[in-house]
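In case you want the letters, here they are:
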There are 2 protein chains.
Amino acid sequence: MLNFEFMNPTKVLFGKGQIASLAKEVPSDARILMLYGGGSIKKNGIYEQVKDALKGFDVLEFSGIPANPEYEVLLEALKMIREEKISFMLAVGGGSVIDGVKFLSAAALYKGDNPWDILSLKIRTEKGLPFGTVLTLPATASEMNSGAVISRKATQEKFSMGGPGLFPKFSILDPQVVASIPERQLANGITDAFTHVLEQYMTYPSGALLQDRIAEGIMQTLVEVAPRVIKDPSDYEAAANFMWSCTMALNGLIQKGVPTDWAVHFMGHELTALFGIDHARTLAIIAPSHYRYNFESKKEKLAQYAERVWGITTGTLEEKATAGIKATENFFHSLEIDTKLSEYTPEFKGTAQIIFRRFTDRGWLGLGEHKSLTPADVEKIVEMSY
Amino acid sequence: MLNFEFMNPTKVLFGKGQIASLAKEVPSDARILMLYGGGSIKKNGIYEQVKDALKGFDVLEFSGIPANPEYEVLLEALKMIREEKISFMLAVGGGSVIDGVKFLSAAALYKGDNPWDILSLKIRTEKGLPFGTVLTLPATASEMNSGAVISRKATQEKFSMGGPGLFPKFSILDPQVVASIPERQLANGITDAFTHVLEQYMTYPSGALLQDRIAEGIMQTLVEVAPRVIKDPSDYEAAANFMWSCTMALNGLIQKGVPTDWAVHFMGHELTALFGIDHARTLAIIAPSHYRYNFESKKEKLAQYAERVWGITTGTLEEKATAGIKATENFFHSLEIDTKLSEYTPEFKGTAQIIFRRFTDRGWLGLGEHKSLTPADVEKIVEMSY
């Protein structure tokens, strides 16, 4: 087990009707900016629930934060935060809205001239403008971590950011919101969370036996509830386990004491930036090829995963490892998630070379748990994903 | 899954050499009281490491906090905290020292006349005197939770206390400390942590699929590393997994969203108060009888546990459940932990009646996950444990 530091101060309020708890969590004297996305919360009743819970509070609104939260849009919100002297933000949405609010939390207190520096220069945020969240879409665990990913259309870039100042003060997770999520988003959320676990698990044995068990437990739970969630998102028990699994997949716990990979995300982000493919789907495109390409260095964990998550107990270590990759693809397919780039865009040819050049230009050498994957390796993995 | 609130702000610093990190975690202007137990930390080098790390800080010491932290001793420390205007405490020890420091944290800021009221009247502590910990004995998870158990010899009482103000600011967990722990304490720690998980798991199916998986993962890990830890406590990998499993067993996570029992602890506490039996051993005495007595209401979870933790996959549900109890006893026996009260004291007769009267006197009705166990039930369970 590797040395680690772990702290996660976010207060989680989980369960039926928890949105009504907002009033006791928001500072009573706050000037609040409530931020949300395209307005789906006005259709599913969450907007009303939040507004009811915040009756008597001083609340302004900013809507229209898009999927893959867009820098230019966030700058408008930043202007409003400054002009209106906002002291607390409430993100009502999924990972995109929450990530956008994290950028705003950092940017509102950032002392430099250009907020883009927070992203391009990877400036960590030690103290941000405080915010809470009401989660409407389980997937990214942004509701219980201190990281965010922000996009910039103008330059087709997608950067990550973070820091201990960016944990939400509280997050409200009511699994009843799952009932109104479209099937496509449910499949994305399951795939996203599952791949988050894989990125922190599918490396090499490091003697972190407990972390392995917890990671496997999250994946087993996602596998168990996925068909139930897809079939009937109003199945509360399935929705609750889906929601809590997504949070636990990336709230920091399972990455502590283990090597982590994240190469799938780095490659996947490029596919979103280039083609606008849903984040989760880019992970499903890249992951199987990534594991096949790096088979030798990952085969022990692949075999352990095949055994414990998929019950594949026969065959050699290599056979089990191979079957584990296949089981992962089958799982994504069962969610109607395609796993080849060519199934998403007819313009897939040359993508590997474009990403090769982007990685080379940015100096992104050394991806993966061994920091050994070069842009040339990335090129081959992306090509295998066509 | 039941509704829940979860927050755990303790910062964990885990791994080799982490004691040296003390200087960056302790407030630089603090007047520090370092508290420890009987002096084993002076034999195993931890005392020196802590003093070295705190060079230049203003540090006083209080030693002699006994196992089952004793109220009268703690009052002496409380006097010192007040007279010396201590602003930060550092607990260096196991659960007893840390629990004692939690009582002091609460008592130092308590506005009432009699600190015993915190225990007898179950007063929750919203804000305590800040403290950190250096863990020397994995077992209770007191290093990452906000609860404590305090004893009073004069009245043979043992009470629990807690509140959100009692989380350690930080806890340093260096698995290398395990190497110098006597075998008896190692066996106790494993048994204690294992039973902590059982208390939060062995109830009835509540649809908390992920919590079940994590609880099972902790138990699987403890079962896997227990023989290695006992055989060679300097086996770092085994020690690290043992240590992190103990913390995860009772840091609040696995109890969220599920019914919990804790009847084994309530009964076990009486055996410690009456006979001075090690806390962990009292749990091993009570748990098997408790599960046999409440077999009907617990058999589904007992069977699931037997299957997933012990690999018992054949037989009827009842047969698996019964085999699960037997496997638990065998596990304790493998650690040289006896599971019958008569193996600890020749004066066991009448214990059930004494505990019956104590529970009746205190009005402790309604133990267990259904709050349905009466003192008469407790009497029978304790009798089955002779």
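All of these numbers come straight from a predicted model, not from anything done at the bench.

Caption draft 1: Seen up close, the overall build of chain A. Within chain A, the regular secondary structure consists of 15 helices and 8 strands. On the principal axes, the C-alpha backbone points of chain A span a range of 65 × 45 × 45 Å. Here chain A holds 386 residues, and the buried ones make up 63% of them. In chain A, 40 side chains carry a positive charge and 46 a negative one; their mean positions are 3 Å apart.

Caption draft 2: Here's a closer look at helix 7 (residues 183–201) of chain B. With 19 residues, helix 7 of chain B ought to run about 27 Å at 1.5 Å a step, and its terminal C-alpha atoms sit 27 Å apart, in line with that. The element helix 7 of chain B is extensively covered by neighbouring structure, given that 16 of its 19 residues are classed as buried.

Caption draft 3: Structural context of the relation of the copies chain B and chain A. In the superposition of chain B on chain A (RMSD 0.0 Å, axial shift 0.0 Å), the rotation amounts to 180°. One copy is carried onto the other by what is essentially a two-fold rotation axis. Among all residues of chain B, the one whose C-alpha sits closest to the rotation axis is B:P9, at a distance of 2.1 Å.

Caption draft 4: Structural context of a negative patch on the surface. A cluster of acidic side chains, namely A:E183, A:E336, A:D338 and A:E343, defines a negative patch on the protein surface. Examined against the element boundaries, A:E183 turns out to sit in helix 7 (residues 183–201).

Caption draft 5: Structural view of the pattern of salt bridges. Tallied over the full model, the rule gives 52 salt bridges over all chains. Residue B:E224 pairs with A:R213 through a salt bridge whose shortest N-O separation is 3.6 Å. Separated into two different chains, B:E224 in helix 8 (residues 209–231) and A:R213 in helix 8 (residues 209–231) make up a pair that spans both. The buried category is assigned to A:R213, whose relative accessible area is 15%. Across the pair B:E318 and B:K299 runs a salt bridge whose closest N-O atoms are separated by 3.0 Å. Of this pair, B:E318 sits in helix 13 (residues 317–334) while B:K299 sits in helix 12 (residues 295–310), and the two are 19 residues apart along the sequence.

Caption draft 6: Representation of the side chain of B:T136 within the structure. All names here are of chain B. If you trace the backbone, T136 turns up in the loop between strand 5 (131–135) and strand 6 (147–152). Classification of T136 as buried rests on a relative accessible area of 12%. From its side chain, T136 meets the backbone nitrogen of G94 in a polar contact 3.4 Å long. When neighbours within four sequence positions are excluded, T136 is seen to be in contact with I41, I46, V92, G93, G94, V177 and I181.

Caption draft 7: Quick peek at the domain arrangement of chain A. Residue and element names in this part refer to chain A. Domain boundaries assigned for chain A yield domain 1 (11–176) and domain 2 (183–384). Using C-alpha coordinates to define each centre, domain 1 is positioned 26 Å away from domain 2. Both sides together, the interface formed by domain 1 and domain 2 hides about 2000 Å², and carbon and sulfur atoms give 65% of it. Per-residue buried area on domain 1 facing domain 2 is highest for P138, Q156 and K158; these three make up 28% of the total on that side. The interface formed by domain 1 and domain 2 holds 0 salt bridges in total.

Caption draft 8: Structural view of the UniProt feature "domain: Alcohol dehydrogenase iron-type/glycerol dehydrogenase GldA" (unreviewed entry) in chain A. Under the UniProt annotation, the feature "domain: Alcohol dehydrogenase iron-type/glycerol dehydrogenase GldA" (unreviewed entry) is placed at residues 9–175 of chain A. Counting secondary structure, residues 9–175 of chain A comes out at 29% helix and 26% strand; the distance between its end C-alpha atoms is 21 Å.

Caption draft 9: Up close: the interface of chain B and chain A. Between chain B and chain A, the residue contacts involve 40 residues of the former and 40 residues of the latter. Viewed at the interface, chain A and chain B are joined by 6 salt bridges. Here B:K11 and A:E5 are joined by a salt bridge, their closest N and O atoms 3.5 Å apart. Counting every contact that joins chain B to chain A gives 15 residue pairs in polar contact (both at pLDDT 80 or more). Those elements that place two or more of their residues in the side of chain B that touches chain A are strand 1 (4–14), helix 8 and helix 9 (236–249) of chain B. Top contributing element to the side of chain B that touches chain A by residue count: helix 8 of chain B, with 12 residues. When the residues that make up the side of chain B that touches chain A are grouped by side-chain class, the tally is 20 nonpolar, 12 polar and 8 charged.

Caption draft 10: Representation of the UniProt feature "domain: Fe-containing alcohol dehydrogenase-like C-terminal" (unreviewed entry) in chain A within the structure. Under the UniProt annotation, "domain: Fe-containing alcohol dehydrogenase-like C-terminal" (unreviewed entry) lies at residues 188–384 of chain A. The span residues 188–384 of chain A carries 69% helix and 0% strand; its end-to-end C-alpha distance comes to 22 Å.

Caption draft 11: Focus on the side chain of A:T203. Residue and element names in this part refer to chain A. With respect to the helices and strands, the residue T203 is situated in the loop between helix 7 and helix 8. A residue is classified by how much of its surface remains accessible, and T203, at 1% relative accessible area, is buried. When sequence neighbours within four positions are dropped, the list of residues in contact with T203 reads P259, T260, D261, S297, K298, K301 and E369.

Caption draft 12: Focus on the nonpolar core. Counting residues in hydrophobic clusters, the biggest one holds 267 residues, and the most contacted among them are A:L22, A:W244, B:L22 and B:W244. The dominant element in this core, judged by the number of residues it contributes, is helix 8 of chain A, at 12 residues. Excluding its chain neighbours within four sequence positions, the residues that come into contact with B:W244 are A:M1, A:F4, A:L210, A:Q211, A:L253, B:V12, B:F14, B:M144 and B:L173.

Caption draft 13: Looking closely at the packing of aromatic side chains. On inspection of all chains with the given rule, the structure shows 30 aromatic pairs over all chains. Taking the centre distance of 5.7 Å and the plane angle of 65° together, the rings of B:F14 and B:W244 count as edge-to-face. Taken together, the residues span a long stretch of sequence, with B:F14 in strand 1 and B:W244 in helix 9 at a distance of 230 residues. Judged by its relative accessible area of 0%, B:F14 is buried. Relative to B:F332, the ring of B:F194 has its centre 6.3 Å away and its plane inclined at 90°; by these criteria the two rings are edge-to-face. With B:F194 in helix 7 and B:F332 in helix 13, this pair connects stretches of sequence that are 138 residues apart. Residue class for B:F332 comes out buried when judged on its relative accessible area of 0%. Positioned over the ring face of A:Y236 is A:K16, at 4.5 Å from the centre of the ring. Over the ring of B:W116 we find B:R152; its NZ or CZ atom is 4.5 Å from the centre of that ring.

Criteria and cut-off values
- Residues numbered from 1 in each chain as written.
- Chains lettered and ligands numbered in written order.
- Predicted model: local features only at pLDDT ≥ 70, side-chain atom pairs only at ≥ 80, totals over all residues.
- Heavy atoms only, no water.
- Helix = DSSP H or I, 4+ residues; strand = E, 2+ residues; numbered from the N terminus.
- Buried < 20%, exposed > 50% of the residue type's maximum accessible area, 1.4 Å probe, protein only.
- Lys, Arg positive; Asp, Glu negative; His and termini not counted.
- Charge placed at Lys NZ, Arg CZ, Asp CG, Glu CD.
- Expected span 1.5 Å × (residues − 1).
- Least-squares fit on C-alpha atoms with pLDDT ≥ 70 in both.
- Patch = residues over 30% accessible without salt bridge, like charges linked within 9 Å, V, L, I, M, F, W, Y side chains within 5 Å.
- Areas by Shrake-Rupley, 256 points an atom, 1.4 Å probe, with all protein chains shown as cover.
- Salt bridge = Lys/Arg side-chain N within 4 Å of Asp/Glu carboxyl O.
- Polar contact = N/O pair within 3.5 Å; in protein donor to acceptor, adjacent residues only side chain to side chain.
- Contact = heavy atoms within 4.5 Å.
- Domains from an automatic or database assignment.
- Buried area = accessible area lost by both parts, 1.4 Å probe.
- UniProt positions renumbered as here; feature names shortened; annotations may be inferred.
- Nonpolar A, V, L, I, M, F, W, Y, C, P; charged D, E, K, R; others polar.
- Core = buried A, V, L, I, M, F, W, Y, C linked by side-chain atoms within 4.5 Å.
- Phe/Tyr/Trp six-rings, centres within 6.5 Å; stacked < 30°, edge-to-face > 60°.
- Lys NZ or Arg CZ within 6 Å of the ring centre and 35° of its normal.

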